[in-house]
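Architecture and fold: a report
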Amino acid sequence: MLSKATILAIMLTILGCNSPPLPTNETSAATQPLVVSTAWLAEHVDETDVITLHIGRKGSYEQGHIAGARNASLRQLLRVNESGIRDEMQSANFIAETLGALGVGEDSRIVLYFADERSTWGAARYLLTLEFAGMTGRVSYLDGGLPKWNAEQRPVSTELPSIETTDLIVATDPNVLVDLDWLRTRLGRPGIAVVDGRPVEWYSGLAGDYDRPGHIRGAVNIPFFTLLSKEPPYLLKSLGELTDIFAGAGAGPTDTVVVYCGTGLWGSLLYLAARYLEYNVRLYDGSFQEWSSTESLPVETSAIGGTTNEY
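This is a predicted model, so every value here is computed, not measured. (Residues numbered from 1 in each chain as written. Predicted model: local features only at pLDDT ≥ 70, side-chain atom pairs only at ≥ 80, totals over all residues. Heavy atoms only, no water.)

The next thing to look at is the side chain of E131. With respect to the helices and strands, E131 occurs in helix α5 (residues 120-132). A polar side-chain atom of E131 sits 2.7 Å from a polar atom in the side chain of Y271. A polar atom in the side chain of E131 sits 2.7 Å from the side chain of R275. Not counting residues up to four positions away in its chain, the partners in contact with E131 are L34, T136, V139, D173, V176, Y271 and R275. (Helix = DSSP H or I, 4+ residues; strand = E, 2+ residues; numbered from the N terminus. Polar contact = N/O pair within 3.5 Å; in protein donor to acceptor, adjacent residues only side chain to side chain. Contact = heavy atoms within 4.5 Å.)

Quick look at the structure:
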């Protein structure tokens with residue numbers, strides 16, 4: 001004779017097999033894409049867990065923003081470190097307090113959009129900051145930003161949304177950033193592709209306010225603006241085009257791609273594009289301002305289309 005415990009176990013198994021599947025949340029944070037379209041945002045913007053952040057110059061928010069969007073200051077999330085290096089990542093606690101004041105919670109789904117051409121890289125840097133804060137999979141970049149939203153005559157607002165602040169706690173992801181020592185000890189190794197996101201004149205050493213102009217030895221140049229369409233609304237180029245651009249710089253899906261620029265801001269757009277391609281990418285936050293000021297580290301200069309010199 002079967003025991004009561006055995007009979008109960010059998011009944012629970014039968015009930016479990018015959019019970020309907022649990023409902024799924026199609027907008028679960030884990031399933032959201034890194035880059036979203038205006039059509040996607042229009043469909044999800046009113047969902048209670050979706051928080052939209054407006055990234056742009058002072059005053060652009062008051063002129064008109066996507067309804068419900070909060071005005072987010074990138075400058076607030078940048079600092080000057082103890083060595084005088086500008087535009088460095090803030091601490092985890094500071095990021096948590098800043099996001100909490102914007103109403104971001106543990107289950108929030110964040111969509112970032114740029115207000116105009118000059119803030120494309122700003123939205124990318126904000127996304128990188130949120131991924132550094134452990135929110136990978138919960139944050140997206142709106143392709144085309146507010147310019148595309150406006151071009152499609154979608155509704156905007158000048159009203160300030162009601163924000164309920166949160167006591168957010170973040171756990172930083174060490175794989176988003178690298179520091180000087182990390183890069184110095186790995187420079188030139190197989191599988192490490194270093195990419196400079198500045199305009200070619202800065203990369204070559206013909207421009208830029210540095211004691212030692214040029215670029216990190218062995219780095220290849222992808223000017224950040226070449227990742228976007230030349231005309232408004234400044235969409236990211238297609239995955240195929242981006243793959244070709246990175247391949248031309250010697251960076252592929254099996255590499256660890258390290259991107260940098262002058263201070264780590266423009267390079268954030270390269271980070272976004274490489275993440276879009278699902279590459280293993282990291283930002284050297286100190287970037288060329290830190291590298292060039294350390295005299296023991298190798299810097300190269302090159303005439304545009306010409307030879308390369310090292311010092």
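As a further point, take the packing of α5 against helix α10 (residues 267-276). Close contact between α5 and α10 brings their axes to 8 Å; oriented N to C, the two are set at 65 degrees. One finds that α5 runs roughly perpendicular with respect to α10. As α5 runs across α10, the sense of the crossing is left-handed. Taking contact as the criterion, the partners of T120, W121, A124, R125, L127, L128 and E131 in α5 are, on α10, S268, L269, Y271, L272 and R275. Within the contact of α5 with α10, the residues separate by chemical class into 7 nonpolar, 2 polar and 3 charged. (Axes fitted to C-alpha atoms, helices over the stretch in contact; angles between N-to-C directions. Parallel < 35°, antiparallel > 145°, perpendicular 65-115°, else oblique. Left-handed = near helix turned anticlockwise from the far one by under 90°. Nonpolar A, V, L, I, M, F, W, Y, C, P; charged D, E, K, R; others polar.)

Within the open sheet, the 5 strands sit side by side as β1-β8-β7-β2-β4. Their pairing is parallel. A strand with exactly one partner marks an edge of an open sheet, and here the two such strands are β1 (35-36) and β4 (70-71). Two strands pair when backbone bridges link them, and strand β7 (residues 109-114) and strand β8 (residues 139-142) are joined in this way by 3 bridges, in the parallel orientation. From the neighbouring strand, L112 faces β8, where its bridge partner is Y141. (Pairing = 2+ DSSP bridges.)

Before going further, it helps to spend a moment on the environment of F246. Its place among the elements puts F246 in helix α9 (residues 239-248). The sequence separation of F246 and V257 amounts to 11 residues, and the corresponding C-alpha distance is 9.5 Å. Beyond its immediate sequence surroundings of up to four residues, F246 is in contact with I222, L227, A251, V257, L270, A273, A274, L277 and Y279.

Most of strand β2 (residues 50-55) is tucked away: 6 of the 6 residues are buried. Burial of the side chains of β2 extends over both faces: V50, T52 and H54 are buried on one face and I51, L53 and I55 on the other. One ladder, built from 6 bridges, connects β2 with β7; its direction is parallel. Across the sheet, the residue bridging to T52 is V111, located in β7. Note: β2 against β4, 2 bridges, orientation parallel. Among the inter-strand pairings, L53 is bridged to a residue of β4, identified as R70. (Buried < 20%, exposed > 50% of the residue type's maximum accessible area, 1.4 Å probe, protein only.)

Quick reminder: α-helices carry 3.6 residues per turn. Residues three or four places apart thus point the same way. The first and last C-alpha atoms of α5 sit 19 Å apart over 13 residues, in line with the 18 Å expected at 1.5 Å per residue. Most of α5 sits out of view: 12 of its 13 residues are buried. Within the span of α5, buried status applies to T120, G122, A123, A124, R125, Y126, L127, L128, T129, L130, E131 and F132. Backbone geometry just after α5 places G134 at a positive phi near 85 degrees. (Expected span 1.5 Å × (residues − 1).)

Taken as a whole, this structure holds 9 salt bridges when the rule is applied. One salt bridge connects E152 with K148, and the closest N-O pair in it is separated by 2.4 Å. Judged by relative accessible area, E152 falls into the partly exposed class, the value being 33%. Where D196 meets R198, a salt bridge forms, and the shortest distance between an N and an O atom there is 2.6 Å. Neither D196 nor R198 differs from the other in exposure class; each is buried. Where salt bridges share partners, they join R75, R86 and D87 into one cluster. (Salt bridge = Lys/Arg side-chain N within 4 Å of Asp/Glu carboxyl O.)

Here we come to the environment of V50. By secondary structure assignment, the location of V50 is in strand β2. The class of V50 is buried, set by a relative accessible area of 10%. When the C-alpha atoms of V50 and V139 are compared, they prove to be 9.7 Å apart, with 89 residues separating the residues in sequence. If we skip the residues at most four places from it in the chain, V50 touches H44, V45, R109 and V111.

The strand order across the open sheet built from 5 strands is β10-β15-β14-β11-β13, with neighbouring strands paired in parallel fashion. In the strand order of this sheet, the two ends are held by β10 (177-178) and β13 (220-221), each with one partner. Sheet topology note: the strand β14 (residues 256-260)/strand β15 (residues 280-284) ladder contains 4 bridges and is parallel. Bridging from a neighbouring strand, T256 pairs with N280 of β15.

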